[in-house]
Amino acid sequence: AANLALFLGSLMPITREIIVRLDTEVTEPQLKNNLILVGGPRANTVTARINQFIPIRFDLGAGPSIFSTATGRTYGGEEEGMIVIAENPLSPDHKVLLFAGNTHMGTAASVVAFVRHIETVARGNSSNESLLCRVVRGADLDSDGLIDDVEFLE
């Protein structure tokens, strides 16, 4: 999350307003704005609330897995994550930007994908370019236990 915050902060003007909140601190009116969410439905209550409405979502059955409506494929790897830019289902005039994975490694992979390969993310899903949703698999290139780069699965 720190890498994401630094990246997004470099693109925005300085503000004194507190714009970062835990999912448990967000009020109902605040949910009707543009949202940047980090974490899957088991870690983030807002993600859990919108999960069923987004084009790439979590299958909340046995074990964590990502399901893509674009391809009909399911991704269950620990290092697999997703980036979703979609209409906010709680306020259709606003957007949601979601970074989440099957585990914390998958969430880290989604952030790395956005920060390092934003142009690829902006091209849309490989199966349907009108969907700004991607599934990625993280890679630890230098064997230090951290996600360094990603492979785009769709």
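Above: the structure in question.
Residues numbered from 1 in each chain as written. Predicted model: local features only at pLDDT ≥ 70, side-chain atom pairs only at ≥ 80, totals over all residues. Heavy atoms only, no water.

**A word on the pairing of strand β5 (residues 80-88)**
Successive residues of a regular strand alternate their side chains across the two faces of the sheet.
Part 1 of the argument: Most of β5 is tucked away: seven of the nine residues are buried.
Part 2 of the argument: As defined by bridge partners, β5 adjoins strand β6 (residues 91-101) across eight bridges and the pair is classed as antiparallel. Bridge pairing in β6 links Gly81 to Gly101.
Part 3 of the argument: Where β5 hands over to β6, the hairpin turn is made up of two residues, counted between the paired strands. (Buried < 20%, exposed > 50% of the residue type's maximum accessible area, 1.4 Å probe, protein only. Helix = DSSP H or I, 4+ residues; strand = E, 2+ residues; numbered from the N terminus. Pairing = 2+ DSSP bridges.)

**Considering the packing of aromatic side chains**
Part 1 of the argument: Using the criterion set out here, one finds one aromatic pair in the structure.
Part 2 of the argument: Between Phe99 and Phe114 the ring centres are 5.0 Å apart and the planes differ by 80°, which places this aromatic pair in the edge-to-face class. Residue Phe99 is found in strand β6, and its partner Phe114 is found in helix α3 (residues 104-116); the two are separated by 15 residues along the sequence.
Part 3 of the argument: For Phe99, a relative accessible area of 0% gives the class buried. (Phe/Tyr/Trp six-rings, centres within 6.5 Å; stacked < 30°, edge-to-face > 60°.)

**Side note on the sheet that holds strand β8 (residues 149-152)**
Part 1 of the argument: Taken together, five strands build an open sheet; the order of strands is β1-β6-β5-β7-β8 and the sheet is mixed. Looking along the sheet, the strands with just one partner apiece sit at the ends: β1 (35-38) and β8. Pairs of neighbouring strands in the sheet enclose a mean axial angle of 25°, with direction left out of account.
Part 2 of the argument: Sheet topology places β1 next to β6; four bridges connect them, and they run parallel. Across the sheet, residue Leu35 finds its bridge partner in β6, namely Val96. (Axes fitted to C-alpha atoms, helices over the stretch in contact; angles between N-to-C directions.)

**Observations concerning the pattern of salt bridges**
Part 1 of the argument: Tallied over the entire structure, the rule returns four salt bridges.
Part 2 of the argument: Linking Glu80 and Arg137 is a salt bridge whose minimum nitrogen-to-oxygen distance equals 3.1 Å. A residue pair is termed long-range when its members are at least 10 positions apart, and Glu80 in strand β5 and Arg137 in strand β7 (residues 132-139) qualify at 57 residues.
Part 3 of the argument: Look at Glu80 and you get buried, because its relative accessible area is 5%.
Part 4 of the argument: Taking relative accessible area as the criterion, Arg137 reaches 29% and is therefore assigned partly exposed.
Part 5 of the argument: Connected through salt bridges with shared partners, the residues Glu79, Glu80, Arg137 and Glu151 form a single ionic network. (Salt bridge = Lys/Arg side-chain N within 4 Å of Asp/Glu carboxyl O.)

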